[in-house]
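Descriptive structure summary
The primary structure of each chain is shown beneath.
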Amino acid sequence: MLHVQDVSKSYGGSAVLKQIAFSVRRGEFFGILGPNGSGKSTLLKLISGVEKPDAGRLVLEGKPLSAYTPKQLSRILAVLLQEPLPDVGFTVREVVEMGRYPYQNWLGEEKGPSGALVDAILEKLDLTHLQHRSLQYLSGGERQRVALGKVMAQEPRLLLLDEPTTYLDIGYQVQMMDLIMNWRRQTGLTVVAVLHDLNLASIYCDRMLVIRDGTVRAIGTPAEVIGSDLIREVYGARAIVVEHPALRLPQIMLQQGRDAHGSFETND
C-alpha cells in the first residue's frame, strides 16, 4: 500500500528526518511513535503530500506520491488532525458533506447522490440528532466525531491520524479509536497513525515504528517493540512493562526518576 524509501527532510539546514524507510501493508493499522520533536508529524506531512522530501521517495499504491495531483490524492488518502474542528458557523451535516469535495466538479456538484452515504455516517457516529446543530454548540468529543465523519465521507483507502485523541478524555479516546477500528474492519481501510500514548498504541496497532532525533529506533509488533530498555533510550523514562491481563499486549507502568540525558535519579 505505502512504501517510504530512505526519506530525509531538513529545515533551515537542520535534519529532521534521516533516511526513514518502512512499508505499510493494505488494511494494516501502523503506528508512528516517538518523543516530542522526533519528526513524527513531519513524517506524516510527507506521507500526506503536504511536504516533499529532500531525499528518498514515497510510493502509494505502486505510484510515486509526487505523481498524484492533489485531487487524485484526496480520493485515496484523508487526514484526521489532533485539534477538534474550530467554532465555525457550519452545521454538523454541512461539515460531513464537505468530505465529498474530491468527487465534486468546479461547481461543487457531484455526479451521483451522496445523501444516503452522509446519513449512514451520521447514524454510525451517533450524530443524527445533532446534524442541524452548529459546531459552536458541540463538545470537544462531539466535534472530533464530526471531523471523523468528514474524512469518512471522503471514502479514503488510507487514513492518516495525527494524534487524534490528544484533547479527549479517556472515554472519548477509546470511543474514537474503536470507531476507527470498526471502519477499518468493515472497509479494509489502511491506517497510519502518529500516537502519543504508548499503551493506546499497543492495543490498536498491528505494527509500530519508533523514531528519535529523526532516525528509526525500532519497528515491529507491539510485543517486539515495547520494552523498558527502549522506553529508557527513546523517552528518557523509567518504566515497567507488563502484559495486559485480557489482551495479552504490553502495557507500560511509569516510575519516578528521570533526566534528559538518560541517567536517572531515585528516591532510595
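Basis of the calculations
Residues numbered from 1 in each chain as written. Predicted model: local features only at pLDDT ≥ 70, side-chain atom pairs only at ≥ 80, totals over all residues. Heavy atoms only, no water. Pairing = 2+ DSSP bridges. Helix = DSSP H or I, 4+ residues; strand = E, 2+ residues; numbered from the N terminus. Axes fitted to C-alpha atoms, helices over the stretch in contact; angles between N-to-C directions. Contact = heavy atoms within 4.5 Å. Buried < 20%, exposed > 50% of the residue type's maximum accessible area, 1.4 Å probe, protein only. Arc of directions from axis to C-beta.

**Details of the pairing of strand β10 (residues 215-220)**
Note that strand β9 (residues 207-212) and β10 share five bridges and pair antiparallel. The residue of β10 that forms the bridge with I211 is V216. Taking the residues that link successive antiparallel strands as the turn, the β9-β10 hairpin has two residues, and the phi of D213 there is positive, at about 55°.

**A word on the sheet that holds strand β7 (residues 158-162)**
Spatially, the six strands line up as an open sheet ordered β6-β7-β8-β3-β9-β10, and their pairing is mixed. Whereas interior strands pair on both sides, the edge strands pair on one side only; in this sheet they are β6 (77-80) and β10. Strand-to-strand twist across the sheet, computed as the mean angle between neighbouring axes with direction ignored, equals 15°. The pairing of strand β3 (residues 29-33) with strand β8 (residues 190-194) spans four bridges and is classified as parallel. Within the sheet, the bridge partner assigned to G31 lies in β8 and is A193. Lying over the sheet, helix α9 (residues 228-235) contacts β3, β9 and β10, oriented at roughly 40° with respect to β9.

**Focus: helix α4 (residues 115-124)**
Along an α-helix, a turn takes 3.6 residues, which lines up residues three or four apart on a common side. Among all positions of α4, only V118, I121 and L122 are buried. For α4, the buried positions fall inside an angular range of 100° around the axis, keeping them on one side. Exposed and oriented more than 90 degrees from the buried face of α4 are A116 and E123. For α4, the secondary structure elements touched by its buried residues are α3 (92-97) and α5 (140-153). D126 sits one or two positions beyond α4 and adopts a positive phi of about 55°.

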